[in-house]
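Chain residues, written in single-letter form:
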Amino acid sequence: MNRPYILRSCAALIGAMLLLSACGSAPEPTPTPAPPAEAATAAAPTAEPAQPPVAPQPTFTPEALVVPKLNVVATFSILADLVQNVAGDKVELVTLVDRDTDAHEYEPSPSDAAKLANAQVIFENGLMFETWLDRLYESSGSTARRVVVTEGITPRPFEHGEEEHAHEHGDEKEGEHSHEKEGKHEHGEFDPHAWQDVRNVIEMVRNIAQALSELDPANAEFYEANAQAYIAKLEALDEEIVSQVEQIPEARRLLVTSHEALGYFADRYGFKLVGTVLGTMGSEPSAQDIAKLVEEIKAQGAKAIFVENVTNPKLVERVAQEAGVVIGPRLFTDALGAPGSPGATYIEMMRYNVQAIVQALR
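Residues numbered from 1 in each chain as written. Predicted model: local features only at pLDDT ≥ 70, side-chain atom pairs only at ≥ 80, totals over all residues. Heavy atoms only, no water.

Peer 1: Got a minute to help me understand the pairing of strand β1 (residues 70-76) in this structure?
Peer 2: The side chains of a regular strand alternate, first on one face of the sheet and then on the other. Within β1, 6 of the 7 residues are buried, leaving the element largely enclosed by the surrounding structure. The pairing of β1 with strand β2 (residues 91-97) spans 6 bridges and is parallel. Within the sheet, the bridge partner assigned to Leu70 lies in β2 and is Val91. Following the backbone out of β1, through helix α3 (residues 77-87) and into the adjacent parallel β2, one traces a crossover that is right-handed. Relative to strand β3 (residues 121-124), β1 is paired through 3 bridges, and the arrangement is parallel. Bridging across to β3, Val73 finds its partner in Ile122. (Buried < 20%, exposed > 50% of the residue type's maximum accessible area, 1.4 Å probe, protein only. Helix = DSSP H or I, 4+ residues; strand = E, 2+ residues; numbered from the N terminus. Pairing = 2+ DSSP bridges. Right-handed = clockwise from strand over helix to strand, strands pointing away.)

Peer 1: Explain unusual backbone geometry to me, please; I cannot follow it from the model alone.
Peer 2: Negative phi characterises most residues that are not glycine, and trans characterises most peptide bonds. Positive phi, close to 55°, is recorded for Leu127, a residue that is not glycine. Within the secondary structure, Leu127 sits in the loop between β3 and α5 (133-140). Positive phi values are uncommon outside glycine, yet Met128 reaches one of about 60°. Summarising the element assignment, Met128 is placed in the loop between β3 and α5. Looking at Met128, the relative accessible area reads 38%, which means it is partly exposed.

Below, the structure written as structure tokens:
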């Protein structure tokens, strides 16, 4: 045999055997144990349940969330200011007799009847101050609750009421001045100007808050909180007026006014009413009435006559000239002044009035 051939064959056989030996000795791969059934379940992704189609949601606007407000009517400007301080922005407030307007001579309009027809509550002074209100209420067909804010206040009798009533009607012929009897000359036994004593206004504010809370219980706490905050200011105002008046010597605390509007003020703060140029409710005086008042002013030694923001100053000027006294600063009595004036609110009105009186009389 060919020796080289045999050697090559043996070498190839040995190489093949070594290769097979190496492959057979390689370690078997260790199988990975299967995870427990619970783990497999946890690891597996959870299929989302089918969701029903979502209906479109309504869009809410601020207008949709507005709660209807109480429709409130106040008969005159001073009362409206008290109501506003208690009610804040929780009501729609309408005033019948506006600023710088005399409620005694007020003549309601058809639009006023409409205001009452839409109202849920009407705040009125009472004590026959709004002598036109009963007729207006009836003609309007209103079903609003009427709240007399002077309820619980001890009324002050008119000092000259019986005398003037007899003078106004005693010599009249039947049917004469019938329009005046129904209008500005009509008055009751008691003085309606209760707000001239700040303590009375505190009671009026309580009555307002109680009525609003009963009609709108959802906002009762709001009304009560506002009332208490305002009452604190009124109590401070009352003390301030008492302190201011002390600057006037007692002998000079004499008041002569356009009409008898400061009776409660005089009683509370220590003044004497000498007389009024006009009648109790603004009636026109006779020449005899003027002469009598001039004599009284001279006899009492009054220093000034005060004209009011709702009366004509011409008669006051005549009396002042004949009596030889000055005309004091104009006072705000039955109505607030225009916005920006010294009598724009009740508190400002009272503060201004007492300062004007002190300035003229001390």
